[in-house]
Amino acid sequence: MDQWLATIPPLAIMLVVFGFVAVESLGVPLPGETVLIAATLVSLDGHISPWLVWGSAVVGAVAGDSIGYLIGHRFGIRLLTIGARRFPNRFGPERVHNAIGAMNRWGVLAVIGGRFVALLRVLVGP
């Protein structure tokens, strides 16, 4: 019944894991954990090494986090300005100031916790 799983090329499995985990690390709510578990189960039959699945997930997470950081570093102020014009109640000066203060105080814990708690992972990215 599961013979068709063996026909999936290992490169395709690695790219799917990489893509889902990377985009999820950017803050887009995708089922990255589910894809990772499914790929790990597929790897148990020996078609692909579990270490390759693990490596794809690690590289995807680092790439997604790095791209998110670069977007925030390069366009963060511009995105906050656009958000303040479109949603003045959500991105007012006081709320932005409070958010910056909270990230300065708790940012490291939020990023570390966001790696291991599913709901935080979705919220910490943006």
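For the structure itself, look to the data block above.
My aim in this report is to walk through the structure given alongside it, one point at a time. (Residues numbered from 1 in each chain as written. Predicted model: local features only at pLDDT ≥ 70, side-chain atom pairs only at ≥ 80, totals over all residues. Heavy atoms only, no water.)

**Focus: the nonpolar core**
Rule in force here: The nonpolar core is taken to be a set of buried Ala, Val, Leu, Ile, Met, Phe, Trp, Tyr and Cys residues, with the residues joined through side-chain atoms within 4.5 Å. Each residue gets one of three labels from its accessible area relative to the maximum for its type: buried under 20%, exposed over 50%, partly exposed in between, using a 1.4 Å probe on protein chains only. In DSSP terms, a helix is any run of H or I states spanning at least four residues, a strand is any run of E spanning at least two, and both are numbered starting from the N terminus. Contacts were defined at the residue level, with two residues in contact if any of their heavy atoms lie within 4.5 Å.
Counting 10 residues, the largest nonpolar core is built from Ile13, Val17, Val21, Val35, Ala39, Val42, Ile48, Val53, Ala57 and Ala61. Among the secondary structure elements, those contributing two or more residues to this core are helix 1 (10-25), helix 2 (32-43) and helix 3 (50-86). With sequence-adjacent residues up to four places away left out, valine 53 is seen in contact with Val17, Leu36, Ala39, Thr40, Ser43 and Ile48.

**Notes on the packing of aromatic side chains**
Short version of the rule: We call Phe, Tyr and Trp rings a pair once their centres come within 6.5 Å, taking the six-membered ring for Trp, and we label the pair stacked below 30 degrees between planes, edge-to-face above 60, and tilted otherwise.
A complete count under the given rule lists 1 aromatic pair for this structure. Between the aromatic rings of tryptophan 51 and tryptophan 54, the centroid separation amounts to 5.8 Å while the plane-to-plane angle is 80°, which identifies the pairing as edge-to-face. Note that tryptophan 51 and tryptophan 54 are positioned in helix 3 at a spacing of 3 residues, about one turn of the helix. The class for tryptophan 54 is exposed, based on a relative accessible area of 52%.

**A short note on the environment of tryptophan 4**
With respect to the helices and strands, the residue tryptophan 4 is situated in the segment before helix 1. Here the alpha-carbon distance between tryptophan 4 and leucine 26, two residues 22 residues apart in the chain, equals 32 Å.

**Focus: helix 3**
As a reminder, the rule being used: Take the number of residues in a helix, subtract one, and multiply by 1.5 Å to get its expected span. As used in this structure description, the phrase polar contact means that two N or O atoms lie within 3.5 Å; if the pair is within protein, one of them must be able to donate a hydrogen and the other to accept it, and residues adjacent in sequence are counted only when both atoms belong to side chains.
Over its 37 residues, helix 3 runs only 46 Å from end to end, short of the ideal 54 Å by more than 12%, given 1.5 Å per residue. If you check which residues of helix 3 are buried, you get Val53, Ser56, Ala57, Gly60, Ala61, Gly64, Gly76 and Gly83. Contacts made by the buried residues of helix 3 are with helix 1, helix 2 and helix 4 (93-116). Where helix 3 begins, the side chain of serine 49 points an oxygen toward the backbone nitrogen of tryptophan 51, at a separation of 3.1 Å.

**Details of a nonpolar patch on the surface**
How we decide: Note that patches include only residues with greater than 30% relative accessible area and no salt bridge, and the join distances are 9 Å for like charges and 5 Å for nonpolar side chains (Val, Leu, Ile, Met, Phe, Trp, Tyr). Computed with the Shrake-Rupley method and a 1.4 Å probe, the accessible areas treat only the protein chains shown as cover for residues. Whenever Lys or Arg places a side-chain nitrogen within 4 Å of a carboxyl oxygen from Asp or Glu, that contact is recorded as a salt bridge.
On the surface, Ile67, Ile71, Phe75, Leu79 and Ile82 cluster together to form a nonpolar patch covering roughly 410 Å² of accessible area. Examined against the element boundaries, isoleucine 67 turns out to sit in helix 3. Note on isoleucine 67: relative accessible area 43%, which makes it partly exposed.

**Some points on the side chain of serine 25**
Position of serine 25 among the secondary structure elements: in helix 1. Those residues in contact with serine 25, other than ones at most four positions away along the chain, are Gly60, Ala61, Gly64, Asp65 and Arg115.

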